[in-house]
Amino acid sequence: MLSGYTGNLLCFDLDTKTFIKEELPHELLKKWLGGTGLGVKYMYEEVPPDTSWDDPANILVIATGPLAGTAVKGSGTYSVVTKGPMTGGLASSQANGFMGAFLKFCGYQGLIVQGQASEWVYLYIDEDKVEIKSAEHLVGLDTIQTQEALQKEYNSKPTRISISCIGPAAENQVKFSCLVGDHGHVAAHNGIGTVLGSKKVKAIVVKRGSKGVAVSNKDKLREIAGKIHDATLNTPAGLDTSKWGTNVAHPILHKMGGLPVKNLTTSIFPDFVKYDGEALRNQFAYKKRPCWGCNWDHCGTLTVKSGPFAGFTTEEPEYEAMAAMGPLIGINDPTLSLMLADHIDRLGMDCNETGWMVAWIMECYEKGYLTADDLDGLEMNWGNFENTKKFIWKMAHREGFCDRLSGGVKKAAEAMGSPAYECAVFTGKANTPRSHDHRAIWNEYLDTCVSNTGTIETTGGGINVKQHGLEPISDPFSWEQVARQNAVLSGRRVMEDSLGICRLPAAEDIFLTAEALTAATGDPFTAEELMTIGKRIVNLMRLYNYHTGLTADKDKPSPRYSSSPVDGPAAGQNVAEAFRKMKDRYYELMGWDKETGKPLPETLKKLGLSELIKWAP
Amino acid sequence: MFIYLEDYLAAGPNARERKKHEVKDCSTLGELIEELDYKKYEHFIVVNGLIKPHHYQLNEGDLVTILPVVSGG
């Protein structure tokens, strides 16, 4: 066993209500690291691509990585990989909090869930005490109520027990349901919660075990962890994010046309200043609640100080939830956005998909494509807080009109047809973008359209591109530059998601990441090797997804998503015209077939995936 | 010639003042980025409210905002 790892994977069989411990071989970990890499590898080996997401034979892998629970800051992270109901292909989403570290302290690198329970259960892990327990008493509770109930049941403080669970939306099989854990950390994308709901797993409880994480060179790792932390603060947005959280993105994105406003009908949101991270911390009372081993002021609770909602407390939403329940749907009061974000988290739905859905319905209502009669009596005009709250509740419970929306924006738009269809924002794979206006941010646009995971895969935050032999893009609307950068960086983020660390305080410098991994495991890793592993994961995902039906023609945006901004800093930029050229060039640079999008045999061979060549004729 | 540099948080409560900044005549945004040592990181540059490429030639009185790339995690 490599140092840094704990050796075992817990495999739950819900059909028989049993579990086994599976040992992870050294070579497997060297090749796939952990987290996302390990999950994708298991999906390929265990789940044929034609398996339906709700087939008991579909598995769900929760795995952490070699740096989780070590001296590296923000190392409580885990990844979830499964076959997701939104795209029908692979789902991969990571979340922070405590679970990644606590799993390792219990002696496990992760867990696999397969089969389908006959009644609601939750999984309980406390070192060698592993149980599949009845969750009938938790059914119907929202995600916060569920966590509080289990915390009380085990008489544990949040820092001694990690609880992740699904909410009513996943119980009702809304396809964009998520896994919510440790009070506000969400594995959100491609219906991970829905898969757990189909297996009748309400929650996963992991106690803070007493087993340490043995690393090869403890002193060296501690020294590098300090350097990593310093490097993350020494970036243009890193310091501000560490002080004020991700809501510092509101003014930045507004100034560059990247803030999504009223379903992309405009790029102007005059109240963006009120949503800035520092403004929120001034308006509300903030209490720090960091993830495992993190000293950033990024996560915490906000309490409303005055007005009709005074005393209301919730986990501070990340930028995306505030944008989804703010500018995207025409709400300009942060208190109301805060309350709606809390509502979505409690119900257990992906805030991005929910935001795009509500925004689309509002535009349809404003334009007369839908009336209050169609919407069960609800007037869904821009910014209508009360009705949005009711509407979201109905979405989670699949009531009335909202039952038609349970498959996400694309499916609902296709069912409704023109002219509503033309207003909807989605990709050909059936996921929506994150809550950004990517028509101004072409890297994210391309990434969202071609990614394998049901969300972005390559981009995310500001990477020091010079470490990858690139210069920063000199023209953000150059399809050639964007395609090249995404192709070179592809693999970096999935590699980081395989290590068990948070991208914010722990993943700025890839050379330091390689040094940390070397110190943790005792095996030498270089930055180049880490990128090869990342690209290996991306290419396996690509090939697997191809066989699920996610062919090249699905790598495309919806009509509204490919429209030109009518105003703001990116006004008139025509991403639709550039997209085909950008995608073709990206395929070429990735070593994928231009027509089918499949990895070419020589690409697979170069990445140590020769055994897959027969799968990619 | 003089231009104005605006910090990316200038509009927020953490407002930092616009700075008057001297550049050589016919300077481009690319040269400005080099001078300000911002070349290591991905960025967007907005001039007078519109995104511009590095080859944009600066004019007297231009208001320039250099924005770091932020995106989903």
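Note that the structure is a prediction, hence the values are computed from the model and not measured. (Residues numbered from 1 in each chain as written. Chains lettered and ligands numbered in written order. Predicted model: local features only at pLDDT ≥ 70, side-chain atom pairs only at ≥ 80, totals over all residues.)

Chemist: Give me the lowdown on the overall build of chain A, citing residues and values where you can.
Modeler: Looking only at helices and strands, chain A has 24 helices and 15 strands in total. Taken over the C-alpha trace, chain A has a radius of gyration of 22 Å; the compact-globule value for 617 residues is 25 Å, and the two agree within 12%. Across the 617 residues of chain A, 62% fall into the buried class. Within chain A, contacts between residues at least 6 apart in sequence are counted, and of these 70% link residues at least 24 apart. (Helix = DSSP H or I, 4+ residues; strand = E, 2+ residues; numbered from the N terminus. Rg over C-alpha atoms; globule rule 2.2 N^0.38 Å. Buried ≥ 20, exposed ≤ 12 C-beta atoms within 10 Å, placed from the backbone. Contact = placed C-beta atoms within 7 Å.)

Chemist: Account for the overall build of chain B, with residues named and values stated.
Modeler: When its secondary structure is counted, chain B shows 1 helix and 5 strands. Going residue by residue from the N terminus, the α and β elements of chain B occur as β-β-α-β-β-β. Among the 73 residues that make up chain B, the fraction classed as buried is 38%.

Chemist: With reference to specific residues and values, describe the interface of chain A and chain B.
Modeler: Where the parts come together, the accessible area they lose is often given as the size of the interface. With 40 residues of chain A at the interface, the matching set in chain B holds 27 residues. Of all the elements in the fold, those that place two or more residues in the side of chain A that touches chain B are helix 9 (249–256), helix 10 (277–283) and helix 20 (503–506) of chain A. For the side of chain A that touches chain B, the element with the most residues is helix 9 of chain A, which contributes 6 residues. For the side of chain A that touches chain B, a count of residues per class yields 20 nonpolar, 10 polar and 10 charged. (Nonpolar A, V, L, I, M, F, W, Y, C, P; charged D, E, K, R; others polar.)

Chemist: Could you give an account of the environment of A:Gly88, with specific residues and numbers?
Modeler: All names here are of chain A. Considering the arrangement of structural elements, one finds Gly88 in the loop between strand 4 (78–83) and strand 5 (90–95). Here Gly88 falls in the buried class, since 21 other C-beta atoms lie within 10 Å of it. Sequence separation of Gly88 and Thr51 is 37 residues, and the distance between their C-alpha atoms is 9.3 Å. Contacts of Gly88, omitting those with residues within four sequence positions, involve Trp53, Thr548 and Gly549.

Chemist: An account of helix 12 (residues 334–347) of chain A is needed here, citing residue identities and associated values.
Modeler: Residues and elements named next belong to chain A. With 14 residues, helix 12 ought to run about 20 Å at 1.5 Å a step, and its terminal C-alpha atoms sit 20 Å apart, in line with that. When you tally the buried positions in helix 12, you get 11 out of 14 residues, the bulk of the element. Immediately beyond the C-terminal end of helix 12, within one or two residues, lies Gly348, with a positive phi of roughly 80°. (Expected span 1.5 Å × (residues − 1).)

Chemist: I'd like a rundown of the packing of helix 2 (residues 35–46) of chain A against helix 22 (residues 527–548) of chain A, residues and numbers included.
Modeler: Packed helix pairs are characterised by how far apart their axes lie and by the angle those axes make with each other. Residue and element names in this part refer to chain A. In contact at an axis separation of 10 Å, helix 2 and helix 22 are set at 35° when each is read in the N-to-C sense. The interaxial crossing formed by helix 2 with helix 22 has left-handed handedness. Listed contacts from helix 22 to Thr36, Gly37, Val40, Met43 and Tyr44 of helix 2 are Ile533, Ile537, Leu540, Met541 and Tyr544. (Axes fitted to C-alpha atoms, helices over the stretch in contact; angles between N-to-C directions. Left-handed = near helix turned anticlockwise from the far one by under 90°.)

Chemist: Talk me through the sheet that holds strand 14 (residues 300–304) of chain A; I want residue IDs and the actual numbers.
Modeler: Residues and elements named next belong to chain A. The antiparallel open sheet is built from 3 strands, whose spatial order is 13-14-15. The two strands at the open ends of the sheet, each matched to only one other strand, are strand 13 (284–288) and strand 15 (313–315). Here the average twist between neighbouring strands, direction ignored, is 25°. Across 5 bridges, the pairing between strand 13 and strand 14 is antiparallel. Bridge pairing links Lys287 to Thr301 in strand 14. (Pairing = 2+ DSSP bridges.)

Chemist: Report on the sheet that holds strand 5 of chain A, specifying residues and quantitative values.
Modeler: Pairing between sheet strands relies on hydrogen bonds along the backbone, with the strands arranged either parallel or antiparallel. All names here are of chain A. Read across the sheet, 6 strands follow the order 2-1-6-3-4-5 without closing on themselves; strand pairing throughout is mixed. On the outer flanks of this sheet lie strand 2 (18–23) and strand 5, each paired with one strand and no other. The mean angle between the axes of side-by-side strands here comes to 15°, regardless of whether they run parallel or antiparallel. Relative to strand 2, strand 1 (residues 8–13) runs antiparallel, the two sharing 6 bridges. Bridge pairing links Cys11 to Ile20 in strand 2. Against the sheet, helix 2 engages strand 3 (60–63), strand 4, strand 5 and strand 6 (108–114), with an angle of about 20° to strand 4.

Chemist: Explain unusual backbone geometry to me, using residue names and the numbers behind them.
Modeler: Between A:Ser418 and the following residue, A:Pro419, the backbone shows a cis peptide bond with an omega angle of 0°. If you trace the backbone, A:Pro419 turns up in the loop between helix 15 (409–416) and helix 16 (420–423). In this structure, A:Lys200 takes a positive phi of about 60° despite not being glycine. Along the polypeptide, A:Lys200 turns up in the loop between helix 6 (192–198) and strand 12 (201–207). A positive phi angle, close to 70°, is found at B:Cys26, a residue other than glycine. By secondary structure assignment, the location of B:Cys26 is in the loop between strand 2 (19–22) and helix 1 (29–35). When the 10 C-beta atoms within 10 Å are taken as the criterion, B:Cys26 is described as exposed.

Chemist: Mind laying out the environment of A:Lys556, listing which residues take part and the relevant values?
Modeler: Residues and elements named next belong to chain A. Assignment of secondary structure puts Lys556 in the loop between helix 22 and helix 23 (575–590). The class of Lys556 is partly exposed, set by 17 C-beta atoms lying within 10 Å. Lys556 sits 111 residues away from Tyr445 along the chain, and the two C-alpha atoms are 9.8 Å apart. Ignoring any residue separated from it by four or fewer positions in sequence, one finds Lys556 in contact with Thr427, Gly428 and Cys449.

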